[in-house]
Amino acid sequence: MRYGGPGGTLAVSGLTLHVEKGEFTAVVGPSGCGKSTLMKLVTGLYIPQVGAITVAGKEVTEPVSIVGMAFQNPTLLPWRTTLDNILLPLEIVQKHRRRLRANKAEYVEKAEHLLETVGLKGFGDKFPWQLSGGMQQRANLCRALIHEPDLLMLDEPFGALDAFTREELWCVIRDLHHETDVTIQLVTHDLREAVFLADRIFVMSARPGRIIDTHAVPFERPRDLEIMYTPEFTDLVHDLRGQIAQARTEQLEAAQ
Ligand SMILES: Nc1ncnc2c1ncn2[C@@H]1O[C@H](COP(=O)(O)OP(=O)(O)OP(=O)(O)O)[C@@H](O)[C@H]1O
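Scoring rules and cut-offs
Residues numbered from 1 in each chain as written. Predicted model: local features only at pLDDT ≥ 70, side-chain atom pairs only at ≥ 80, totals over all residues. Heavy atoms only, no water. Helix = DSSP H or I, 4+ residues; strand = E, 2+ residues; numbered from the N terminus. Buried < 20%, exposed > 50% of the residue type's maximum accessible area, 1.4 Å probe, protein only. Polar contact = N/O pair within 3.5 Å; in protein donor to acceptor, adjacent residues only side chain to side chain. Near = heavy atom within 4 Å. Areas by Shrake-Rupley, 256 points an atom, 1.4 Å probe, with all protein chains shown as cover. Nonpolar A, V, L, I, M, F, W, Y, C, P; charged D, E, K, R; others polar.

Visitor: Give a detailed account of the side chain of His215, specifying residues and quantitative values.
Guide: With respect to the element layout, His215 can be found in strand β10 (residues 211-216). According to the relative accessible area criterion, His215 is buried, its value standing at 13%. Here Gln243 takes part through its side chain, which lies 2.8 Å from a polar atom of the side chain of His215.

As structure tokens, this is what we get:
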């Protein structure tokens, strides 16, 4: 995938990965290696010049409707209440639009249930500017989930949060994955987050990004936050850190 025409930035090249239905995978790699590009390719926001992406057996040629997305910047619309922001994807995705019109109460109830799940019970009628950054992130997550996506793409969704809120939301995502058969792909710079949440972790090279290693995470589910204080957990985080540091060094050396 190259941005900006033939002379533009080659973001990812020779990037191949396969994810099973229901799997929770994470993607880590040096800054600027093409992680977000990968997410945009999978969701159909960009179409690659070379190669193909298949989601649920279908080649991606346009934005994929079975996907829920949550990115680092919540971008909630300031003139809509939190509840109306959460309902927004239903107004956009064709197959839900009619159902929403016919049975709004059912969807409102669902949105309120999601708000409760993420600890925002009673905040549906607040506007985004009346919520803290962490609360906006939680609402953002509800918006990604309202249409019950089969595939949830999370691009640094907890990046801007304090450590405690982040851990709380890790548990929300962990439980969501446990209770449903949603496939989740997470892009993160936080290696502990990747190891705590994922079944498999893909490590990307520096730009143009490709997969240089895949780690199976050996810890049983359901996982408790305490697992982060075990030597096995630390070892895996350490290995990942080493690989990313090396990819960064190689990139710096190549640039000299
Ligand atoms: N819309 C765009 N137009 C031009 N270049 C872009 C565009 N989006 C990304 N790039 C470039 O493509 C490369 C990969 O960007 P991308 O955002 O995918 O990386 P990333 O691994 O997600 O970065 P980070 O870890 O810093 O968030 C970067 O060099 C970036 O500058």
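Visitor: Now, about the site of the ligand: what can you tell me, with residues and values included?
Guide: Residues in close proximity to the ligand total 13 residues, the closest being Ser31, Lys35, Ser36, Thr37 and His189. Measuring from an oxygen atom of the ligand, one finds a backbone N or O atom of Gly32 at 3.0 Å. Measuring from an oxygen atom of the ligand, one finds a backbone N or O atom of Cys33 at 3.0 Å. The fraction of the free accessible surface of the ligand (630 Å²) that becomes covered by protein chains is 62%. Looking at which element gives the most residues to the shell around the ligand, the answer is helix α1 (residues 35-42), with three residues. Considered class by class, the residues forming the shell around the ligand number four nonpolar, seven polar and two charged.

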